[in-house]
Amino acid sequence: MRSDDHSATIDVPHVESKAVIKGKASLLPAAAAVAARPVGGWKKGVAIFDFVFRVSAMVAAVAAAAAMGTSDQTLPFFTQFFQFEASYDDLPTFQFFVIAMAIVASYVLLSLPLSIVTIVRRFAAGPRILLLFLDTVALTLTTAAGASGAAIVYLAHNGNQSTNWLAICQQFGDFCQKVSGAVVGSFIAAVLILFLVALSAMALRRV
Amino acid sequence: MKGSAAVELAEATRAPSAGINRGISILDLILRIVALVCTLGSAIAMGTTNETLPFFTQFIRFRAEYNDLPTFTFFVAANAVVSGYLLLSLPISIFHIMRSGAQNSRILLIILDTSMLALLTAGASASAAIVYLAHNGNAKANWLSICQQFNSFCERISGSLIGSFGAVTVFILLILLSGMALSRR
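Residues numbered from 1 in each chain as written. Chains lettered and ligands numbered in written order. Predicted model: local features only at pLDDT ≥ 70, side-chain atom pairs only at ≥ 80, totals over all residues. Heavy atoms only, no water.

1. Side note on the overall build of chain A
Part 1 of the argument: A count of helices and strands for chain A gives 7 helices and 2 strands.
Part 2 of the argument: Start at the N end of chain A and walk to the C end: the helices and strands fall as α-α-α-β-β-α-α-α-α.
Part 3 of the argument: Within chain A, the proportion of its 207 residues that are buried is 43%.
Part 4 of the argument: When contacts within chain A are restricted to residue pairs at least 6 apart in sequence, long-range pairs at least 24 apart make up 75% of them.
Part 5 of the argument: Surface summary for chain A: the accessible area is close to 10,800 Å², and the carbon and sulfur share equals 70%. (Helix = DSSP H or I, 4+ residues; strand = E, 2+ residues; numbered from the N terminus. Buried < 20%, exposed > 50% of the residue type's maximum accessible area, 1.4 Å probe, protein only. Contact = heavy atoms within 4.5 Å. Areas by Shrake-Rupley, 256 points an atom, 1.4 Å probe, with all protein chains shown as cover.)

Following this line, the structure appears as structure tokens:
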């Protein structure tokens with residue numbers, strides 16, 4: 001652009017200006033290289049945090065599913081009116097809980113490679129948007145499992161007078177404890193996946 | 001000459017992506033209004049449940065309201081909070097239509113949308129668990145299904161779940177749209 005103007009008007013300073021322009025041009029790629037590296041540096045940190053949170057969310061989801069799945073309790077006695085055995089598959093909500101947490105745990109495991117891709121390729125938006133969408137779906141599933149489990153656990157602890165639903169925790173203490181712990185684990189997984197979605201959103205920023 | 005041509009080319013490539021960003025923001029606003037209607041409808045449908053049976057027996061109550069079950073109280077509260085949030089986020093969405101390049105406000109909106117999605121899903125799925133129990137009961141826990149006595153109460157609480165779950169789907173779409181708009185140049 002500048003060389004064109006100079007070539008249209010003046011001849012003698014043309015040589016000097018070309019040398020000056022070449023000198024400036026040789027400086028520009030170096031300057032650009034120095035400027036490009038720290039500009040996207042924070043994205044790599046965000047992606048590493050994302051990976052760490054992902055591993056923790058997987059651990060929490062697996063723990064919740066395992067705690068609920070192994071929550072059998074058999075009482076050493078029995079009476080005429082009450083059952084003497086309680087297991088998670090007596091309640092369809094708890095069956096849904098185990099299946100949903102298993103699905104979420106396997107999704108998080110399968111998304112670890114995608115997370116590593118976003119660490120390596122900091123500026124690619126495609127994998128990040130895919131992770132954002134899938135993480136949102138996983139958050140919905142985890143929250144659904146946790147909340148429905150919490151509703152049943154609340155009923156098991158307190159019962160309900162209006163509907164004549166008796167609290168079963170008084171007979172089955174261990175079962176109740178394990179099931180409540182599983183619900184807490186699923187809420188921890190939900191909070192971690194919420195952080196994952198927030199991190200993906202922040203990393204999507206155009207720098 | 002070369003300079004002005006280069007600037008024109010850059011503007012030409014930027015114009016269609018700015019137009020798509022504007023379209024995404026308009027779709028965002030429309031979906032937000034749909035979700036507002038859904039959650040408000042759910043809250044009102046659950047909150048106005050009141051059924052009184054014309055008879056009574058010794059063992060079964062003769063009146064059913066939403067606040068007999070704490071889970072339904074939580075459902076009404078969650079839906080009310082989410083519809084209030086959606087109403088307050090409409091101005092931000094309109095701002096995004098006008099300024100398609102805003103980044104920080106979009107990130108804030110994504111984070112708030114995700115929190116509201118979690119709250120809404122929690123309320124909806126907890127109520128779904130109780131509605132399932134109300135329809136079917138549970139033999140092992142000796143929990144009787146109450147739907148056989150309270151028909152219209154049961155229909156109302158089941159129907160109010162539909163609006164809530166529809167709003168959950170809309171929220172997922174909203175988050176996806178915001179993410180797409182955020183990453184486009």
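2. Concerning the nonpolar core
Part 1 of the argument: By size, the foremost hydrophobic cluster in this structure holds 98 residues, and its most contacted members are Phe94, Phe97, Met101 and Trp165 of chain A together with Phe72, Trp143 and Phe171 of chain B.
Part 2 of the argument: Contributing elements (two or more residues each) for this core: helix H3 (41-69), helix H4 (92-110), helix H6 (126-158) and helix H7 (173-203) of chain A together with helix H1 (2-47), helix H2 (70-98), helix H3 (104-136) and helix H4 (151-183) of chain B.
Part 3 of the argument: Excluding its chain neighbours within four sequence positions, the residues that come into contact with Trp165 of chain A are Leu155, Gly159 and Asn160 of chain A together with Leu69, Ile130, Leu133, Ala134, Trp143, Leu144 and Ile146 of chain B. (Core = buried A, V, L, I, M, F, W, Y, C linked by side-chain atoms within 4.5 Å.)

3. Digging into the UniProt feature "transmembrane region" (unreviewed entry) in chain A
All names here are of chain A.
Part 1 of the argument: If you check UniProt for "transmembrane region" (unreviewed entry), the listed places come out as residues 51-69, 94-117, 129-156 and 182-204 in our numbering.
Part 2 of the argument: As annotated, residues 94-117 has a helix share of 96% and a strand share of 0%, and its two end C-alpha atoms lie 35 Å apart.
Part 3 of the argument: In this annotation, residues 129-156 is assigned 100% helix and 0% strand; the end-to-end C-alpha distance for the span is 40 Å. (UniProt positions renumbered as here; feature names shortened; annotations may be inferred.)

4. Describing the UniProt feature "transmembrane region" (unreviewed entry) in chain B
Residue and element names in this part refer to chain B.
Part 1 of the argument: In this numbering, the UniProt entry assigns the feature "transmembrane region" (unreviewed entry) to residues 29-49, 69-95, 107-134 and 161-182.
Part 2 of the argument: Annotated as residues 29-49, this span is 90% helix and 0% strand, and its ends, taken at the C-alpha atoms, are 31 Å apart.
Part 3 of the argument: Across residues 107-134, the secondary structure splits into 100% helix and 0% strand, with the terminal C-alpha atoms separated by 41 Å.

5. Points about the environment of Leu141 of chain A
Part 1 of the argument: Tracing the chain through its elements places Leu141 of chain A in helix H6.
Part 2 of the argument: In this structure Leu141 of chain A touches Ala100, Ile103 and Val104 of chain A, once residues within four positions along its chain are discounted.

6. Things to note about the pattern of salt bridges
Part 1 of the argument: A full pass over the atoms with the stated rule returns 4 salt bridges over all chains.
Part 2 of the argument: Notably, a salt bridge pairs Asp50 of chain A with Arg54 of chain A, separated by 3.1 Å at the nearest N-O pair. Here Arg54 of chain A and Asp50 of chain A lie together in helix H3, a separation of 4 residues that amounts to about one turn. There is no split in this pair, since Asp50 of chain A and Arg54 of chain A are both buried.
Part 3 of the argument: Note that Asp113 of chain B and Arg32 of chain B form a salt bridge whose closest N and O atoms lie 3.0 Å from each other. (Salt bridge = Lys/Arg side-chain N within 4 Å of Asp/Glu carboxyl O.)

7. Quick look at the interface of chain A and chain B
Part 1 of the argument: Counting from both sides, the interface comprises 42 residues of chain A and, opposite them, 46 residues of chain B.
Part 2 of the argument: Summing both sides of the interface, chain A and chain B together bury roughly 3,800 Å²; the carbon and sulfur share of this comes to 70%.
Part 3 of the argument: A per-residue breakdown of the area chain A buries against chain B is headed by Trp165, Arg205 and Arg206 of chain A, which together make up 19% of the total.
Part 4 of the argument: For the pair chain A and chain B, the number of links is 0 salt bridges. (Buried area = accessible area lost by both parts, 1.4 Å probe.)

8. A word on the state of the cysteines
Part 1 of the argument: As enumerated under the stated definition, the model contains 2 disulfides over all chains in all.
Part 2 of the argument: A sulfur-sulfur separation of 1.4 Å characterises the disulfide bridge that pairs Cys169 of chain A with Cys176 of chain A. In this structure, the disulfide formed by Cys169 of chain A and Cys176 of chain A twists by about -55 degrees around the S-S bond and is classed as left-handed.
Part 3 of the argument: Classification of Cys169 of chain A by relative accessible area gives buried; the value is 12%.
Part 4 of the argument: The class of Cys176 of chain A is buried, set by a relative accessible area of 6%.
Part 5 of the argument: Two residues, Cys147 of chain B and Cys154 of chain B, share a disulfide whose sulfurs are 1.4 Å apart. Taking the torsion about the sulfur-sulfur bond, which here is approximately -55 degrees, the covalent link between Cys147 of chain B and Cys154 of chain B counts as left-handed. Cys154 of chain B shares its class with Cys147 of chain B; the two are buried. (Disulfide = S-S within 2.5 Å.)

9. Comments concerning a nonpolar patch on the surface
Part 1 of the argument: Together, Leu130, Phe133, Leu134 and Val137 of chain A make up an exposed nonpolar region whose accessible area comes to about 280 Å².
Part 2 of the argument: Residue position: Val137 of chain A is located in helix H6. (Patch = residues over 30% accessible without salt bridge, like charges linked within 9 Å, V, L, I, M, F, W, Y side chains within 5 Å.)

10. Focus on the packing of H2 of chain B against H4 of chain B
Residues and elements named next belong to chain B.
Part 1 of the argument: It is the contact of H2 with H4, at a shortest axis distance of 12 Å, that shows an interaxial angle of 35 degrees. Crossing of H2 over H4 shows left-handed handedness. For the pair H2 and H4, the contacting residues are Phe72, Phe75, Asn79, Val82, Tyr85 and Leu86 in the first and Phe153, Ile157, Ser160, Leu161, Ser164 and Phe171 in the second.
Part 2 of the argument: Residue classes in the contact of H2 with H4 are distributed as 9 nonpolar, 3 polar and no charged. (Axes fitted to C-alpha atoms, helices over the stretch in contact; angles between N-to-C directions. Left-handed = near helix turned anticlockwise from the far one by under 90°. Nonpolar A, V, L, I, M, F, W, Y, C, P; charged D, E, K, R; others polar.)

11. Description of the packing of aromatic side chains
For any pair of aromatic rings, the description consists of the separation of the ring centres together with the inter-plane angle of the planes.
Residue and element names in this part refer to chain A.
Part 1 of the argument: Here the structure, examined in full by the defined rule, presents 5 aromatic pairs over all chains.
Part 2 of the argument: Geometrically, the ring pair formed by Phe53 and Phe195 is tilted, given 5.5 Å between the ring centres and 40 degrees between the ring planes. A residue pair is termed long-range when its members are at least 10 positions apart, and Phe53 in helix H3 and Phe195 in helix H7 qualify at 142 residues.
Part 3 of the argument: Phe195 gets classed as partly exposed once you look at its relative accessible area, which sits at 40%.
Part 4 of the argument: Aromatic pair Phe94 and Phe175: ring centres 6.4 Å apart, planes at 65 degrees, arrangement edge-to-face. One end of the pair, Phe94, is in helix H4; the other, Phe175, is in helix H7, and 81 residues separate them in sequence.
Part 5 of the argument: Judged by relative accessible area, which is 4%, Phe175 ranks as buried.
Part 6 of the argument: An aromatic cluster of at least three residues, connected via ring pairs, comprises Phe49, Phe53 and Phe195. (Phe/Tyr/Trp six-rings, centres within 6.5 Å; stacked < 30°, edge-to-face > 60°.)

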